[in-house]
Amino acid sequence: MGSRWSSEEERQPLLGPGLGPGLGASWRSREAAAALPAAVPGPGRVYGRRWLVLLLFSLLAFVQGLVWNTWGPIQNSARQAYGFSSWDIALLVLWGPIGFLPCFAFMWLLDKRGLRITVLLTSFLMVLGTGLRCIPVSDLMLKRRLIHGGQMLNGLAGPTVMNAAPFLSTTWFSADERATATAIASMLSYLGGACAFLVGPLVVPAPNGTSPLLAAESSRAHIKDRIEAVLYAEFGVVCLIFSATLAYFPPRPPLPPSVAAASQRLSYRRSVCRLLSNFRFLMIALAYAIPLGVFAGWSGVLDLILTPAHVSQVDAGWIGFWSIVGGCVVGIAMARFADFIRGMLKLILLLLFSGATLSSTWFTLTCLNSITHLPLTTVTLYASCILLGVFLNSSVPIFFELFVETVYPVPEGITCGVVTFLSNIFMGVLLFFLTFYHTEVVLVQLVPSRVVFA
């Protein structure tokens, strides 16, 4: 299945002719097919090792998401153990979008030096970041600074794990496996963030504010020990993944697996100029960046947001966990469906965004129960939040496929780098808003806009 040649249907432009610069020739265009004989002497070929490469990259993305979301689900415990403030908790999450400021440098590195060098640098930054958080110091002020520094270095790994999935799938996988590979590689980062909702509250106990002074001091020491156990475990896992990628992570297969992998691409400078001058691409990018960026920031401090609604740290963790896990499962299933049914990306996105709009409206009206008189129960809170996460998170791999097909021959890493950079801008703005105005008064989820692709 993976080694057959691309079909005539596969090479049809996704959005039709006359779409402006970069859109008339899609990822699977006739021009790329015509250029293939000069680039590849024989038929495309896929290698079994592609699954090992995908596994290593997906594990790296998983752990990066896990480390990024370490503090949000245990913010009450972190306050007592290290004296974090609301600003500190939000900033620890905010280091994720801040890490995207040098995003274009990582895009250049991926374009010029390839996948292996970029992934090795990314994993090394994660080793430094997680190691910095584990340095044993008694000074709480210094410890907080080390934790912030570690989160910043882990945030710098974000551009690679969030952007390189379509590049990896094009380099290693055949045309009828690309959407699935993109979904797995891109969704694992979200799954790592989801597991943080599960691991943190289950391993680290919540503080007991009614305990006597001596008991509270003992509880504080116990909470600190459990948090440090989580930090050491994350550091060990990151070191193992770095060692594995150092031992084996080839930059590309001996022969390209498809037309897209063998075709000539635009230079870095021309790619950026073409993306920024393409109105249709920018509209689709905003359709991705605004709702996904807002939801990522919102879910990163979900425990902090739901605290005024008397939702416990454990319950908030389970809500965040199932919303992201559901999105990952549905996203991979949707991508596999898109691999077999061509030309359905727009319809799939419209259906997912319609569901997200209804779910976020339900959650908003439920939280405004003093006005709407709708019951605010555990069932409604779980259902609305989980459905919102399922619909939004599952759209990520479909969006990535739409992006790279729309702007061919722009390299996949540059295309996804631009859209994830925009997404993190909106995520950072939301986190700053939540922190500046204090989260006790922010209980309303922003409703994703219904953007119709012209």
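Keep in mind that what you see is a predicted model, and the values were worked out from it rather than measured. (Residues numbered from 1 in each chain as written. Predicted model: local features only at pLDDT ≥ 70, side-chain atom pairs only at ≥ 80, totals over all residues. Heavy atoms only, no water.)

Along the backbone of the protein there are 20 helices and zero strands. Within the protein, the fraction of its 454 residues that count as buried is 57%. Considering only intrachain contacts with a sequence separation of at least 6, the fraction spanning at least 24 residues in the protein is 84%. Carbon and sulfur atoms make up 70% of the accessible area of the protein, which amounts to about 17,900 Å² in all. (Helix = DSSP H or I, 4+ residues; strand = E, 2+ residues; numbered from the N terminus. Buried < 20%, exposed > 50% of the residue type's maximum accessible area, 1.4 Å probe, protein only. Contact = heavy atoms within 4.5 Å. Areas by Shrake-Rupley, 256 points an atom, 1.4 Å probe, with all protein chains shown as cover.)

With that settled, the discussion passes to the side chain of Arg144. In this fold, Arg144 is placed in helix α6 (residues 140-156). The side chain of Arg144 is buried and forms no salt bridge, while Asp88, the nearest opposite charge, is found at 4.7 Å. In this structure Arg144 touches Tyr82, Gly83, Phe84 and Asp88, once residues within four positions along its chain are discounted. (Lys, Arg positive; Asp, Glu negative; His and termini not counted. Salt bridge = Lys/Arg side-chain N within 4 Å of Asp/Glu carboxyl O.)

Evaluation of the coordinates by the stated rule reveals six cavities of 30 Å³ or more. Put simply, the largest cavity is a space of about 360 Å³. Residue lining of the largest cavity: 25 residues in total, with Trp68, Met162, Tyr190, Ala296 and Met427 positioned closest to the centre. Here the residues of the lining of the largest cavity are counted per class, giving 12 nonpolar, 13 polar and no charged. (1 Å grid on protein atoms, 1.4 Å probe; cavity = no way out; pocket = protein on both sides within 12 Å on 5 of 7 lines; lining within 4 Å. Points joined across faces, edges and corners; volume = space filled by probe spheres on them. Nonpolar A, V, L, I, M, F, W, Y, C, P; charged D, E, K, R; others polar.)

Within the sequence span of helix α12 (residues 268-276), burial applies to Tyr268, Ser271, Val272 and Leu275. Along α12, the residues classed as buried sweep out an arc of 95 degrees about the axis, all on the same side. (Arc of directions from axis to C-beta.)

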